[in-house]
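Remarks on the overall topology
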Amino acid sequence: VAVGITYIIEFVMPRFSNSAENVAIHYIESINNKDFNGLCECLFPDYAESVKEYADSVGGGEAFLNQAYDSMFTSNDKIDFGDHVSISISNTSQQEQTFENGLYNGHDLSALDVKAVTTVTADITTRGSKNEVTEKVSFVCVKIKNNWYIYSMASVEEQPDTGWSR
């Protein structure tokens, strides 16, 4: 068992967590593949725990993702994507953010052992048999130890949130 855990930590996790850009890509791929565990691996650890608790309250990870997909069809935009809905990410770019004395954008992250903060901007495309929508999204990613996590995300038209309410 210890060998398997070491393998995952050393070889599997770095595939997507070795850069802020890779963790954003893996997050969108996890949503597209309805991979709840993959989605949670990308999130800031405290937030991932909150998401798991919420998922348990609605019937588990699969139910949580089904609820998220259903919300796409009942959003204010009322976009009918039709069948075979997929989500993809493209045109990613990243920019290191000012992070001094454990402070980022007025938030004290020193207790969280954050080593760096980077913003990843990307085009997220939701595509179905009837419609396609592309939105520019900004992911605020934090580096804890040697791994990157998504701390917050927002449409570029909105100001990126620097923290999720817990």
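Residues numbered from 1 in each chain as written. Predicted model: local features only at pLDDT ≥ 70, side-chain atom pairs only at ≥ 80, totals over all residues. Heavy atoms only, no water.

**Describing the overall build of the protein**
For the protein, the count of helices and strands is 5 helices and 6 strands. For the protein, the N- to C-terminal ordering of α and β elements is α-α-α-α-α-β-β-β-β-β-β. The burial tally for the protein puts 40% of its 166 residues in the buried class. The contacts in the protein between residues at least 6 apart in sequence include a share of 52% that link residues at least 24 apart. Accessible area for the protein stands at about 9700 Å²; split by element, carbon and sulfur atoms hold 46% of it. (Helix = DSSP H or I, 4+ residues; strand = E, 2+ residues; numbered from the N terminus. Buried < 20%, exposed > 50% of the residue type's maximum accessible area, 1.4 Å probe, protein only. Contact = heavy atoms within 4.5 Å. Areas by Shrake-Rupley, 256 points an atom, 1.4 Å probe, with all protein chains shown as cover.)

**Describing helix α2 (residues 20-32)**
Relative to the 18 Å expected for 13 residues at 1.5 Å per residue, α2 spans 19 Å between its end C-alpha atoms, a close match to the ideal helical length. Three or more residues of α2 are buried, namely A20, V23, A24, H26, Y27, I28, S30 and I31. A positive phi of about 50° marks K34, the residue just after α2. (Expected span 1.5 Å × (residues − 1).)

**Observations concerning the confidence of the model for the protein**
Overall, the predicted model of the protein reaches an average pLDDT of 78, with 78% of residues at or above 70. Confidence, read as mean pLDDT per element, is least for helix α1 (residues 2-17) in the protein (46) and greatest for helix α3 (residues 36-42) (94). Between residues 1-15, whose pLDDT stays under 50, and residues either more than four places distant or in other chains, the model counts 6 contacts. Taken as a whole, residues 159-166 scores under 50 in pLDDT and shows 23 contacts with residues more than four places along the chain or in a different chain. (pLDDT = per-residue confidence, 0-100.)

**Re the sheet that holds strand β1 (residues 86-96)**
With antiparallel pairing, 4 strands are arranged side by side in an open sheet as β1-β4-β5-β6. For this open sheet the edge positions go to β1 and β6 (147-155), each flanked by a neighbour on one side alone. Averaged over all pairs of adjacent strands, the angle between strand axes in this sheet comes to 30°, irrespective of strand direction. Across 8 bridges, strand β5 (residues 132-144) lies against β6 in antiparallel orientation. Residue pairing for β6: V142 is matched across the bridge by Y149. Across the sheet, α2 lies against β1, β4 (114-127), β5 and β6, angled at about 165° from β1, the strand it touches most. (Pairing = 2+ DSSP bridges. Axes fitted to C-alpha atoms, helices over the stretch in contact; angles between N-to-C directions.)

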